[in-house]
Amino acid sequence: MIEFKAISKKWPDGTAALSDVNVTIPKGQFCVILGPSGAGKSTLLRAVNGLMQPTNGEVVIDGVTLTSATARTLRQRVAMIHQHFNLTLRMSVAANVLAGLLPVVSTGRAILGWFTPEHRAKACALLERVGLTPKHVQRRAGELSGGQQQRVGVARAFMLDPEVVLADEPVASLDPKISREILSLIRDAARERNATVLCSLHQVDLAREFGDRIVGMRDGRIVFDGTPEEFTDERVEALYHGAQWEDHPATEVEAELDALQPQLVAA
Amino acid sequence: MDIKPIPVPAQGTTLDWHLDQPYRAKHLLLLIILLAVLLFTGHRTEMDKMVVMTGQAVGNVVGLADDSQVVRGLSRVGESMWPPALGTEEEVARLTDLDRNNLPFLASIKTHERVEQKLNTDTLQLEEQREQVEVLVKPLGYLWMVFIKMLETIEIAIWGTLFSVVLSIPLAWYAARNYTYNKFTYTLARGTISLLRSMPELIVALFLVLAYGFGPIAGVLALGLHAAGFLGKFYAEDIENADKKPQEALEAIGAGKLKTLWYGVMPQVVPQYIAYTLYILDRNVRMATVIGLVGAGGIGQELKGRFDMFQYDHVATILIAIFIVVFLLDQFSARLRAKLI
Ligand SMILES: Nc1ncnc2c1ncn2[C@@H]1O[C@H](COP(=O)(O)OP(=O)(O)O)[C@@H](O)[C@H]1O
Ligand SMILES: [Mg+2]
């Protein structure tokens, strides 16, 4: 269970990224955070593992408040899947997945790359689980396609059997078919472990399809909180009205820009 | 990605177009000052004299000027440098453990007649004394000696490089803003790096020879200390500029600084590190020949000895050897670098 208690965040430049956010996410829920660019989704997710220190309020995970004293142990139970996959591109797929264990292996083992047979077997099992094959194991992560890289990212995230999975726009740069596959993987792997998932998205259809619950954000505030059924087209319009578009895969950006420009100039 | 609307100026605003000349009086003044400074320092560094002397030399070569100090100096050295020395001759009488039936490879014993002028104390006249001297001639003896000294030089360079790599790793860790512990360790590491970089090898070697005596120890340490400053700075900058994304992923699960560096940064920077290290090795081989001049071992020490004894044919052999080794090393490291990146 994750509780956000009156979380506010003001960046040094004065941007109020979060204003008094109160949400409780029960154990095992797949909760989608939906909202346009700059709504504060990343900021909210990063509050859970302490990558972002809130100005006010606190985050409580399974009854333990996140402080600098508890951060180290809590972080091991909170996995994160990133928009840009955040793999070490010049390192092998295997080493990237095994890096998910770094908090629990000794420094000596980590430096030598001498992981136990159980750990190696677990890495292989997870790679198989996310749909990769033995021929990928020793490849450099940078040689994989975007979708495959995110599969490695998912495998890495589940190496420590997390209780909470944070996924910050995990499919923002992937095409719709791959996006569905990746989100299914995250959902199913989380369900098997009864892990709570906090997943930020900007695609309304994906949010409706995968979310047990949708939390709509706009300008650092929660403007919608309910089931996918309750998230009607009018609600969508209210959430996105006049908002900027989110990140798109690099190839689409230019076409998107051309399409947007007349609109923006007119606005 | 932020998509910003393109600002359109309001109706009726007059736009102020102007495109100025790129230079103004200020620039002309600066140019004059620069020229004045160049003239002043040019005189102090005898650049005017250099031009005159070089002109004379060129004139002498094409037959216009009848004398040139530069040409005289160069041709004197040039004549005595050719042919380069290859062999050695040693007096058999001084070789105590020579086995005549089992001479070293390619060696032979020859007899020279030595003529000496001696004063006869009875007649008070100079008399010629002839003496038969046996010498052991090794036709490639000097070449072999240069080879051994060159090997020693390369060994000094390799050990200096190893030493600098080992020393620069902790320096780089503390000097990387995102991995150092606090402002104090950062400043200390950066200060050490600047200090090491600012001490020229030759001068360090000079002092280390006083401390450790003549020989390779001073050479290895002098090369290692200077290069550690260089490598420390570049390693640290690479760590700072490495892609932050994988580091963030590892930080997010609480992997700790050292493990994050090892898994999130090292794989990214290793090819660059190897390139720097090869450059340092290359540079150290060249530098190792030079620091021998102050007695820090290797071929340089030999070079200095022969130079001081005016044995320019030996000097020629050494210079050719240095040239060949530096050339080969350059080729080797260029190939290795191309393979790695
Ligand atoms: N490190 C930062 N410093 C200053 N402002 C930031 C920083 N990170 C995010 N912001 C601002 O906070 C707001 C919310 O950002 P973010 O949480 O990244 O939104 P989202 O993930 O929903 O696109 C934005 O206005 C953004 O510009
Ligand atoms: Mg974001």
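What about the overall build of chain A?
- Of the regular secondary structure elements, chain A holds 10 helices and 10 strands.
- A globule of 267 residues ought to have a C-alpha radius of gyration of about 18 Å, and chain A, at 19 Å, matches this closely.
- Counting all 267 residues of chain A, 52% fall into the buried class.
- Of the contacts made within chain A by residues no fewer than 6 positions apart, 71% connect residues no fewer than 24 positions apart.
- Of the charged side chains in chain A, 29 are positive and 32 negative, and the gap between their average positions amounts to 9 Å.

Let's talk about the packing of helix H4 (residues 141-175) of chain B against helix H7 (residues 216-241) of chain B
Residue and element names in this part refer to chain B.
- For the pair H4 and H7, the least separation of the axes is 6 Å and the interaxial angle reads 40°. On the basis of the axis angle, H4 is oblique to H7. The crossing of H4 and H7 is right-handed.
- Looking at the contact of H4 with H7 residue by residue, the class counts come to 21 nonpolar, 6 polar and 2 charged.

Remarks on the packing of H4 of chain B against helix H9 (residues 257-291) of chain B
Residues and elements named next belong to chain B.
- Direction vectors running N to C along H4 and H9 enclose 150°, while the axes themselves pass 9 Å from each other. Judged on the interaxial angle alone, H9 and H4 are roughly antiparallel. As H4 runs across H9, the sense of the crossing is right-handed. Contacts from Met150, Thr153, Ile156, Ala157, Ile158, Gly160, Thr161, Ser164, Val165 and Trp173 of H4 reach H9 at Lys257, Leu258, Leu261, Thr277, Ile280, Leu281, Asn284, Val285, Ala288 and Thr289.
- By residue class, the composition of the contact of H4 with H9 is 12 nonpolar, 7 polar and 1 charged.

Considering the environment of Ile148 of chain B
All names here are of chain B.
- Summarising the element assignment, Ile148 is placed in helix H4.
- A relative accessible area of 37% means that Ile148 is categorised as partly exposed.
- Remark: the alpha-carbon pair of Ile148 and Ile299, spanning 151 residues in sequence, is separated by 8.6 Å.

Remarks on the pattern of salt bridges
- Per the stated rule, a full pass over the model turns up 32 salt bridges over all chains.
- A salt bridge links Asp188 of chain A to Arg187 of chain A, with the nearest nitrogen and oxygen atoms 3.5 Å apart.
- A salt bridge links Arg190 of chain B to Glu237 of chain B; its shortest N-O distance comes to 3.6 Å. Of this pair, Arg190 of chain B sits in helix H5 (residues 183-198) while Glu237 of chain B sits in helix H7, placing them 47 residues apart in sequence.
- On the accessibility criterion, Glu237 of chain B (27% relative accessible area) is partly exposed.
- One network of salt bridges, with partners in common, ties together Lys122, Arg129, Asp161, Glu192 and Arg193 of chain A.

Examining the pairing of strand S2 (residues 16-25) of chain A
- The pairing of strand S1 (residues 2-10) of chain A with S2 of chain A spans 6 bridges and is antiparallel. Note that in S2 of chain A the partner of Phe4 of chain A across the bridge is Val23 of chain A.

Analysis parameters
- Residues numbered from 1 in each chain as written.
- Chains lettered and ligands numbered in written order.
- Predicted model: local features only at pLDDT ≥ 70, side-chain atom pairs only at ≥ 80, totals over all residues.
- Heavy atoms only, no water.
- Helix = DSSP H or I, 4+ residues; strand = E, 2+ residues; numbered from the N terminus.
- Rg over C-alpha atoms; globule rule 2.2 N^0.38 Å.
- Buried < 20%, exposed > 50% of the residue type's maximum accessible area, 1.4 Å probe, protein only.
- Contact = heavy atoms within 4.5 Å.
- Lys, Arg positive; Asp, Glu negative; His and termini not counted.
- Charge placed at Lys NZ, Arg CZ, Asp CG, Glu CD.
- Axes fitted to C-alpha atoms, helices over the stretch in contact; angles between N-to-C directions.
- Parallel < 35°, antiparallel > 145°, perpendicular 65-115°, else oblique.
- Left-handed = near helix turned anticlockwise from the far one by under 90°.
- Nonpolar A, V, L, I, M, F, W, Y, C, P; charged D, E, K, R; others polar.
- Salt bridge = Lys/Arg side-chain N within 4 Å of Asp/Glu carboxyl O.
- Pairing = 2+ DSSP bridges.

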